[in-house]
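Breakdown of the fold
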Amino acid sequence: MGKVSGVFVAMGILAASVVLAMLLVSLAPEPESRELPPQMPYVLTGAAAASPGAISVFGSGTVRPAREVDISPQVGGRVENVNPALVSGGRVAAGQTLFQIEQEDYRYRVEVAMADVAARRVALLEAREQAEIAAEEYGSFSRRQSGAAPAEPSPLTLRQPQLQAAEAALARAEAELAQARLDLSRTAVAAPFDGYVRAESVAAGQIVAPGQILGSLFAADAAEVPVALPDGDAALIPALWSLGVAGGAAGESQAAAARVIAEYGGRRFAWSGHVDRAEASVDAQTRTVDVVIRVPEPFVPGSPLDGPAAGGNPPLLIGGFVDVEIEGIAMADVYRIPRAALQAGNEVWVVDDGAVGIVPVRVLQRADDAAYVSGALADGQPVITGGLQFAVEGMRVLSGAGPLQ
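In this report, the structure presented in the accompanying data block is examined. Values in this document were obtained by computation on a predicted structure and should not be read as measured data. (Residues numbered from 1 in each chain as written. Predicted model: local features only at pLDDT ≥ 70, side-chain atom pairs only at ≥ 80, totals over all residues. Heavy atoms only, no water.)

A word on the sheet that holds strand β10 (residues 195-200)
Within a sheet, each strand pairs with its neighbour through backbone hydrogen bonds, oriented either parallel or antiparallel. Under the convention used in this document: Paired strands, in this sense, are two strands between which DSSP finds at least two bridges. In this text, helices come from DSSP runs of H or I with a minimum length of four residues, and strands from runs of E with a minimum of two, each type numbered from the N-terminal end.
If you trace the 4 strands from one edge of the open sheet to the other, you get β5-β12-β10-β7, paired in antiparallel fashion. Lying at the two open borders of the sheet, with one neighbouring strand each, are β5 (68-71) and β7 (91-92). When β7 meets β10, the two strands line up antiparallel, connected through 2 bridges. Bridging across to β10, Val-92 finds its partner in Gly-195.

Okay, here's the thing in structure tokens:
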């Protein structure tokens, strides 16, 4: 009996457990229903800003002088004295004597040439007198010949060749005198323009030869900066191909304004200039066009952009590397967008009521963090700057303002 009663007890416990579990399940609260979040990509956006007006073209280049010449004498001799300003970095004025070559030999040549001219003038007077006498004698002879027609006299009879030779000898002597005086004047080597001395290698007592290069001088009135630009950027410069080869008044009136910026002592300084011309060839390696910026007053201290320098404002130094900003053409339908919003194939992805739109654009200018484009955009329109690898017209997205505005 004990064994049978144990089985009944176990079965009772099992049945009670099943009933209790069913009761607990029936009394448990129903689970809360929750909608799943939408499966749409989240993108970062910036804003397209209308930017009518002139588009700036940015570039860089190295400052070079607008004019530079080698210093060399046209006559030879011993250098008698040298101008103290003829040193590297020295400033000289137009017409100022740079160095003087000894003149004694050239004065002697002038005196010899003057004496030769005087002698040739006497010889010419004698030849003219003899020609006149010869003409009179031939006339008397012709009148004594009765009945026969007088023969035509030869030039030698009238001494015409002798007269012409005397005239030619005088002309040659006068030319030699002019050359001697010119050589004498060339013993003083003068500066052709206001400028600065780049280098010199001449000293008093030195023997120099004609054409020997003794230094170099560059003009102080203007400097140039050649800027290599892609043809797309060059196309934004107004009237670029209408400028003359050397600028000039007609060219400067329509030349685009430019600003040259150089760094000195950790600070930035600016000089005003303009587009002077463009090279009529494309660089074979970089496929760029060299646009030449002319700075009329490079040695006037530059305008500080971030406070004056401790040692004073510097001039625009020749050979320095500078940034250039050129005032480009003015357009009405231009928009400034974050650089990250510009997609491959010159497209911009916009967001309109949560849907993606693909807008083809023409890229006018690329800057460090922005791009200037024209196309079917609107002022303030959100443009996608990140969070999306590819886009399809009309796809739904969630958007928020990103750091690239």
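Topic: unusual backbone geometry
The phi angle at Arg-159 is positive, at roughly 60°, despite the residue not being glycine. Its place among the elements puts Arg-159 in the loop between α2 (104-144) and α3 (160-185). If you check the backbone angles, Asn-346 has positive phi at about 55° while not being a glycine. Structurally, Asn-346 is set in the loop between β20 (342-343) and β21 (347-352).

Considering the packing of α2 against α3
Between two packed helices, what matters for the description is the angle formed by their axes and the separation of those axes. The condition that has to hold: A fitted line through C-alpha atoms represents every axis, and for helices the fit uses only the stretch in contact; the resulting angles, taken between N-to-C directions, go from 0 to 180 degrees. For classification, angles of less than 35 degrees are called roughly parallel, those exceeding 145 degrees roughly antiparallel, those between 65 and 115 degrees roughly perpendicular, and all remaining angles oblique. In this scheme the crossing of two helices becomes right-handed for a clockwise turn of the near helix relative to the far one and left-handed for an anticlockwise turn of less than a right angle. For this scheme, ten residues count as nonpolar: Ala, Val, Leu, Ile, Met, Phe, Trp, Tyr, Cys and Pro. Four count as charged, namely Asp, Glu, Lys and Arg, and the remainder, Gly too, count as polar.
For the pair α2 and α3, the least separation of the axes is 8 Å and the interaxial angle reads 165°. Comparing their axes, α3 and α2 come out roughly antiparallel. Between α2 and α3 lies a crossing of left-handed hand. Of the residues that constitute the contact of α2 with α3, the class distribution is 17 nonpolar, 1 polar and 12 charged.

A word on the pairing of strand β19 (residues 335-338)
In this structure, strand β2 (residues 49-50) lies alongside β19, joined through 2 bridges in antiparallel fashion. Considered in β19, the bridge of Ala-50 is made with Tyr-335. When β19 meets strand β23 (residues 370-375), the two strands line up antiparallel, connected through 4 bridges. Residue pairing in the sheet places Pro-338 in a bridge with Ala-370 of β23.

Here we look at the sheet that holds strand β9 (residues 188-190)
Strand order in the open sheet formed by 4 strands is β9-β8-β6-β11, with antiparallel pairing between adjacent strands. For this open sheet the edge positions go to β9 and β11 (207-208), each flanked by a neighbour on one side alone. Relative to strand β8 (residues 97-101), strand β6 (residues 77-82) runs antiparallel, the two sharing 3 bridges. Pairing of Asn-81 across the sheet is with Gln-100, part of β8.

A word on the nonpolar core
One broad trend across soluble globular proteins is that nonpolar side chains are buried collectively. Applicable threshold: The term nonpolar core refers to a set of buried residues drawn from Ala, Val, Leu, Ile, Met, Phe, Trp, Tyr and Cys, joined through side-chain atoms within 4.5 Å. Each residue's exposure class comes from its accessible area (1.4 Å probe, protein chains only) as a fraction of the maximum for that residue type: buried when under 20%, exposed when over 50%, partly exposed otherwise. Contacts: residue pairs with any heavy atoms within 4.5 Å of one another.
By size, the foremost hydrophobic cluster in this structure holds 33 residues, and its most contacted members are Ile-237, Val-275, Ile-293 and Ile-326. Looking at this core, the elements that each hand over two or more residues are β3 (53-62), β13 (223-229), β14 (257-264), β15 (267-282), β16 (289-295) and β18 (321-331). When residues no more than four places from it in sequence are discounted, the contact partners of Val-275 are Ile-237, Leu-240, Leu-243, Ala-255, Ala-256, Val-291, Val-292, Ile-293 and Ile-326. Core analysis: the second largest hydrophobic core is formed by 19 residues, Val-75, Val-92, Leu-214 and Ala-219 among them.

Description of α2
Stated formally: Helix span, expected: 1.5 Å multiplied by one less than the number of residues in the helix.
Taking 1.5 Å per residue, 41 residues should reach 60 Å; α2 reaches 61 Å between its end C-alpha atoms and fits that length. Of all the residues in α2, the buried ones are Tyr-106, Val-110, Ala-113, Val-117, Leu-124, Ala-127, Ala-131, Ala-134, Tyr-138 and Ser-142. Lining the buried residues of α2 we find α3.

Some remarks on the packing of aromatic side chains
Quick note on the threshold: Here the aromatic set is Phe, Tyr and Trp, taking the six-membered ring for Trp, and pairing holds for ring centres within 6.5 Å; pairs whose planes are under 30 degrees apart are stacked, those over 60 apart are edge-to-face, and all others are tilted.
Going through the model one piece at a time under the given rule, you end up with 3 aromatic pairs. Both rings, one in Phe-218 and one in Phe-299, keep their centres 6.2 Å apart while their planes meet at 25°; by these two values the pair is stacked. Here the residue Phe-218 occupies a position in strand β12 (residues 215-219), and Phe-299 occupies one in the loop between β16 and β17 (303-304), the gap between them amounting to 81 residues. Here Phe-218 falls in the buried class, since its relative accessible area comes to 8%. Taking relative accessible area as the criterion, Phe-299 reaches 22% and is therefore assigned partly exposed.

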